[in-house]
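# An overview of the molecular structure
If you want the building blocks of each chain, they are given just below.
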Amino acid sequence: MDTAGRGVYNIGGTRMQYPREVIVAIYSCGPAGKIQSYNEAARRLWGGIPGDTPWSGAMRFLRMDGSPVPIDDLPPCRAWQTQAVVTGVFMIETSSGTRFPMTVHAELQCGADGHPAGVTVLITESRTIQPDPSSATPLPFENPSPVIRVVGIDRIGFANPAAEALLQQWNVSSGAPAPALIQRMVSDATAHGAPLDVEKTIGDRTYFIKVVPVADGVHANLYFTDITELKKLEHHLRCSQERFDALALHSPVATYIKDADGRYTQANPVACRYLGAVGDVVGLTDEDLLPPEMAALLHENDQEVIRLGQTIVSEEQVGRWRFLTSKFPLPDENGNLTQVGGVSVEITERAEIERKLRESEERFRILTDNAPVGIFLSSADGQALFVNRAWCTMAGMTTEKALGTGWTGALHPEDRERVTQGWDHAVDQHMASYSEFRFLHADGSVVWVHGCALQLTGPDGELTGYIGSCVDVTERMSADLLLQRQSARLRLLWEAAGVILSTERPDVMLQKLFEKISPHLELDAFFSFMVDPSGDDLALFSCSGITEEQKSQLGRLSFGQAICGTVALRREPMVVSCIQQSDDEMASLVRGYGVSVYACNPLMAGGELLGTLSFASRTRTHFDADEIEFLETITHSFTGAYVRWRLLEDLRSADRKKDEFLATLAHELRNPLAPIRTGLEVMKMAGGLSAPLEKVRATMERQMDQLVTLVNDLIDVSRITRGKLQLRLTQCRFADIVRSATEASLPGIIEAGHYLDVSVPDAEIHLNADPHRLAQVISNLLNNAAKYTPRGGTIRLAAEVGQGTLSVRVQDTGKGIPSGMLDRIFEMFAQIESPTQDHGGLGIGLTLVKSLIQMHGGSVRAESAGPGKGSTFHLQLPAIIREPAPAPSLAVAGNGHHASGKRVLIVDDNTDAAQVLAMAVTLMGHEVATAENGQVALDLVPGFRPHVVFMDLGMPVMDGWEAAKRLRAQPGSETIHLVALTGWGQDGDRERTRAAGFDQHLVKPADPETLRRVLLESAP
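Remember, predicted model here, so these are calculated numbers, not experimental data.

Cut-offs used in this document
Residues numbered from 1 in each chain as written. Predicted model: local features only at pLDDT ≥ 70, side-chain atom pairs only at ≥ 80, totals over all residues. Heavy atoms only, no water. Helix = DSSP H or I, 4+ residues; strand = E, 2+ residues; numbered from the N terminus. Buried < 20%, exposed > 50% of the residue type's maximum accessible area, 1.4 Å probe, protein only. Contact = heavy atoms within 4.5 Å. Areas by Shrake-Rupley, 256 points an atom, 1.4 Å probe, with all protein chains shown as cover. Axes fitted to C-alpha atoms, helices over the stretch in contact; angles between N-to-C directions. Parallel < 35°, antiparallel > 145°, perpendicular 65-115°, else oblique. Left-handed = near helix turned anticlockwise from the far one by under 90°. Nonpolar A, V, L, I, M, F, W, Y, C, P; charged D, E, K, R; others polar. Phe/Tyr/Trp six-rings, centres within 6.5 Å; stacked < 30°, edge-to-face > 60°. Pairing = 2+ DSSP bridges. Core = buried A, V, L, I, M, F, W, Y, C linked by side-chain atoms within 4.5 Å. Patch = residues over 30% accessible without salt bridge, like charges linked within 9 Å, V, L, I, M, F, W, Y side chains within 5 Å. Salt bridge = Lys/Arg side-chain N within 4 Å of Asp/Glu carboxyl O. pLDDT = per-residue confidence, 0-100. Expected span 1.5 Å × (residues − 1). Bend = angle between axes of the 7 residues up to and from the residue.

Below, the discussion takes up the overall build of the protein. What the protein contains, in helices and strands, is 27 helices and 41 strands. Counting across all 1020 residues of the protein, residues that qualify as buried make up 45%. The contacts in the protein between residues at least 6 apart in sequence include a share of 52% that link residues at least 24 apart. Looking at the protein as shown, the accessible area adds up to about 51400 Å², and 53% of this sits on carbon and sulfur atoms.

So this is what it looks like as structure tokens:
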């Protein structure tokens, strides 16, 4: 609705406007009764749009008795058929079912050429003429159309509101004399004695006026219907017809109309020219203008259009021209579809081009259908337009299903989203598209393809579509997948090899191997059996994937029992598939574990059967050849690792036995050495020996020290090689370490006639070190220099500090070191060979030097200019800056004995060793008691009340460990200083003595100075 309150309706392309206040319903119909335009009053009668019912639309025409009016008797239909005005009173039924008596007026409308163009229908309210004016029904005031009653021909007796507005144009109101125009119309109607229809223009509006004389001949009613819009409609229809005629006249295409006999009733100049006529062709037929065959074909087409009653588009040949023709049925003057209208576009040149294009397309189709690759065409929006035969074969889909977006249905579900998203992106961006994907056929087979789509462009560069190809790369992808699988297997083998090389215990190795490979092969269990030492059966070595209860029940297998026993008996691999569906008795054991496939391999080493290794899956039914080969490779690798582990275990066992032997040897050597050393010390303290005897004693003492050093070095090397040597780190003065080292080495240096030069910085140098071990290092280097320097040589010991590092240098003028030995001089048992002299020793001193220095975080290296030019050993050690607190001084008597004697209990089953040690302790000024075993010692303690107890460990009746525990359990034992004096010096031995309650652990033969210091430092 427009803003002026006017109803606007458009049917058949004609735009009409009617005022809302019109009470007369007006509508127009075409030749076939189709409603083309209408006003608001008509729309209200229909309840909306008119609908498709010819001539009447959605309202129904009923006779006054309520019976329906046939369509052929409807006023507009009769007006069209008779080409005359038809008027009548009918009962109108609206779409809601409401009925009104209405007067219907139908009138034929003609175009500019005078030919009938349609029917206009006016529907007004029907009033029954009353015989008596007094009985006339009052005219409705609500009627929006003017209604006037004239009394006595010349006076306005009644006028409704709409009529009052109309009368104002004459400045006349109700009761006044009627305007002259109205008087004339009433006079004419009264004279005729019948209703009179008049069309008049009043002001700017045109009205249809029905003048109805009343029966008494004195009164008359005038009904005004505004038909201004109807007149406009008629004008528009005439203009439309004129435009149509002009369009047809000047159209570049042929337009024409033929009647039922095939005669042209209308043809524009273009049609006449193509029909070969010089002038107009109206009244002529195709038979008059064209060859018979061609005319007959055109006539046949015309009849088909009439028969079907619908438009037909086809190509037709007229003379030498080819046309694309649209023919459609038209109604005749009776509304019957007996005429044919046509529009023909000359396409002769285009038809030739299309013919050539079809030939080209046929050649293209032949080419593509025989191409070895899949070819497709698509529109610019990505819709498939064409696929060739090879594409259909690859995709497993027909051409019909592939068009549009149907081709996506052939994609493998796992690839579909990726491929379609990539294709959509390429189409959106007008890009080329490349991808590799899979087609999944209905039988489950898969075809890998490489797809490529390139843009097609028009003359102006605009995108018109895509052309693409699909190449079958299944073989290549299969090869790639095989290579990837092999690469993955090799990588897995490499990782498995890493597990094998980095894991020592075979059972742990198997567990790690299984964890590594099981996800890749979908394995659920493994079993490894080893031949037991008797060689009679197989014992479970390791497994995974079964319950602990099942493991306990599995235990052992006989040769030939179950799959593993059979493999061990035959010494051949075996793979059993589909176990759950099998009734093979051999597989019954693993069938009970839920296993579906089982691969077992023998563990063979040099023809010897070591055992079996099996892998199983519950989710798979078989292993392929590559997987079986892979499991065999794992088995072979494990076999080698197992053999290596067994050899290493044998070596470790031999090494343990060697260490035990060395420990036992040291213990056994120390036992006799202890009384010898103590006896020499007793002789020294007793004094009074003659010069020869003193010389012999001194020689025996030196040899004793040398023997003790050899035994200690053997033990230290054993500890270092096993990683059992522990340092006792403390803050110590470097000067004290040097003093201890030189005191230990000076007798040998003096005996060899060497000159020792010691140069240590004046500044205090402190180390976080084990002073005993560092003194051992320096002493070993000094002893080594003394040993390999000819008599009368010079040995220099120098040290310096720089940036927190202590550098120590031991230099000699001795035999030197060959260049080939500089890198090997620190190796175990390495010695410089001399054809003329045996220097003694075991060749382990420098090995101890390097190991102990490295344990202190330092380094050592050797230098020599060559044989006969001496050698230099450089030590690097971290030095600490902080000055440690000075050690408390000890009060010592002038004779070296403690100020007051102590009670000392010596416990040793070696009577000689106990007596000699007792003599030495007695000479030191202490009271001594002895016991031959732990039990006797415990019996002596309450009465003797010792301050210090020196106790051997390995004794009969009761050993030292047990005796110490019992002693510590007695009240008051916490004041006793308990010292283990034994030939056992391993770290484990020291831990046991500490746990048993010993305060100290000394190794036989104990240095007399060490005994003196222990006695001195122990509480009284």
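Anyway, onward from the coordinates.
Before going further, it helps to examine the packing of helix H13 (residues 474-502) against helix H14 (residues 506-521). Here H13 crosses H14 at 165°, and the two axes come no closer than 9 Å. In this view, H13 runs roughly antiparallel relative to H14, as classed from their interaxial angle. Note on packing geometry: the crossing formed by H13 with H14 is right-handed. Along its contact with H13, which presents Arg489, Leu492, Glu495, Ala496, Val499 and Ile500, the element H14 presents Met509, Lys512, Leu513, Lys516, Ile517, His520 and Leu521. The residue makeup of the contact of H13 with H14, split by class, is eight nonpolar, one polar and four charged.

Let us look at the packing of aromatic side chains. The tally for this structure, following the rule as stated, stands at 18 aromatic pairs. For the pair Phe541 and Tyr642, a centre-to-centre distance of 6.0 Å together with 80° between the ring planes defines the contact as edge-to-face. Placement of the pair is Phe541 in strand S25 (residues 537-544) and Tyr642 in helix H18 (residues 625-686), with a sequence separation of 101 residues. The exposure class assigned to Phe541 is partly exposed, which follows from its relative accessible area of 28%. Look at Tyr642 and you get buried, because its relative accessible area is 10%.

Okay, the sheet that holds strand S33 (residues 794-802) next. Strands belonging to one sheet form pairs held by backbone hydrogen bonds; the direction of such a pair is parallel or antiparallel. Spatially, the five strands line up as an open sheet ordered S31-S33-S34-S36-S35, and their pairing is mixed. Unpaired on one side and paired on the other, strand S31 (755-759) and strand S35 (859-863) mark the two borders of the sheet. Within this sheet the neighbouring strands show an average axis-to-axis angle of 15°, counted without direction. Sheet analysis places S31 next to S33, joined by five bridges and oriented parallel. Counterpart to Asp757 in the pairing with S33 is Arg796. The strands that helix H20 (residues 734-751) touches are S31, S33 and strand S34 (805-812); relative to S31, the one it contacts most, it runs at about 175°.

So, about the nonpolar core. Counting 39 residues, the largest nonpolar core has Phe734, Leu767, Ile778, Leu782, Leu806, Val849 and Leu875 as its most contacted members. Elements with a minimum of two residues in this core: H20, strand S32 (766-769), helix H21 (771-787), S33, S34, helix H22 (845-855), S35 and strand S36 (871-878). A per-element tally of this core places H21 first, with eight residues. The contact partners of Leu875, leaving out residues within four places of it in the chain, are Val777, Leu781, Leu806, Ser807, Val808, Val849, Ile853, Ser859 and Val860. With 27 residues, the next largest nonpolar core counts Ile35, Trp55, Cys77 and Ile123 among its residues.

This brings us to the sheet that holds strand S39 (residues 948-951). Taken in spatial order, the five strands make up an open sheet running S38-S37-S39-S40-S41, and their pairing is parallel. The open sheet has two free edges, formed respectively by strand S38 (927-931) and strand S41 (1000-1003), since each of these has just one partner strand. Between one strand axis and the next, the sheet turns by 20° as a mean value, whatever way the strands run. Alignment of strand S37 (residues 903-907) against S38, held across five bridges, turns out to be parallel.

The grouping of Tyr434, Leu454, Leu456 and Ile467 at the surface amounts to a nonpolar patch, some 350 Å² of accessible area in total. Within the secondary structure, Ile467 sits in strand S23 (residues 463-472).

Most of strand S12 (residues 205-213) sits out of view: nine of its nine residues are buried. With seven bridges joining them, strand S11 (residues 196-202) and S12 adopt antiparallel strand pairing. Across the sheet, the residue bridging to Val198 is Ile209, located in S12. Between S11 and S12, which pair antiparallel in sequence order, lie two residues; one of them, Gly203, sits at a positive phi of approximately 70°. Pairing analysis gives seven bridges linking S12 to strand S13 (residues 219-226), with the strands arranged antiparallel. Looking across to S13, one finds that Phe208 is bridged to Thr225.

Now for the confidence of the model for the protein. Looking at the protein as a whole, its pLDDT mean stands at 82, while 85% of the residues score no less than 70. Between residues 1-23, whose pLDDT stays under 50, and residues either more than four places distant or in other chains, the model counts 62 contacts. This stretch, residues 128-140, has a pLDDT under 50; its non-local contacts, to residues over four places away or in other chains, come to 22 contacts.

Turning to H14, a few remarks are in order. Residues spaced three or four apart along an α-helix point in a common direction, a consequence of the helix completing one turn every 3.6 residues. For H14, with 16 residues, the first-to-last C-alpha span of 21 Å sits near the 22 Å given by 1.5 Å per residue. The principal kink in H14, of about 30°, is found at Glu515, preceding the proline Pro519 by one to four residues. Within H14 the residues assigned to the buried category are Pro506, Met509, Leu510, Leu513, Phe514, Ile517, Ser518 and Leu521. The positive-phi residue at the C-terminal boundary of H14 is Glu522, with phi of around 55°.

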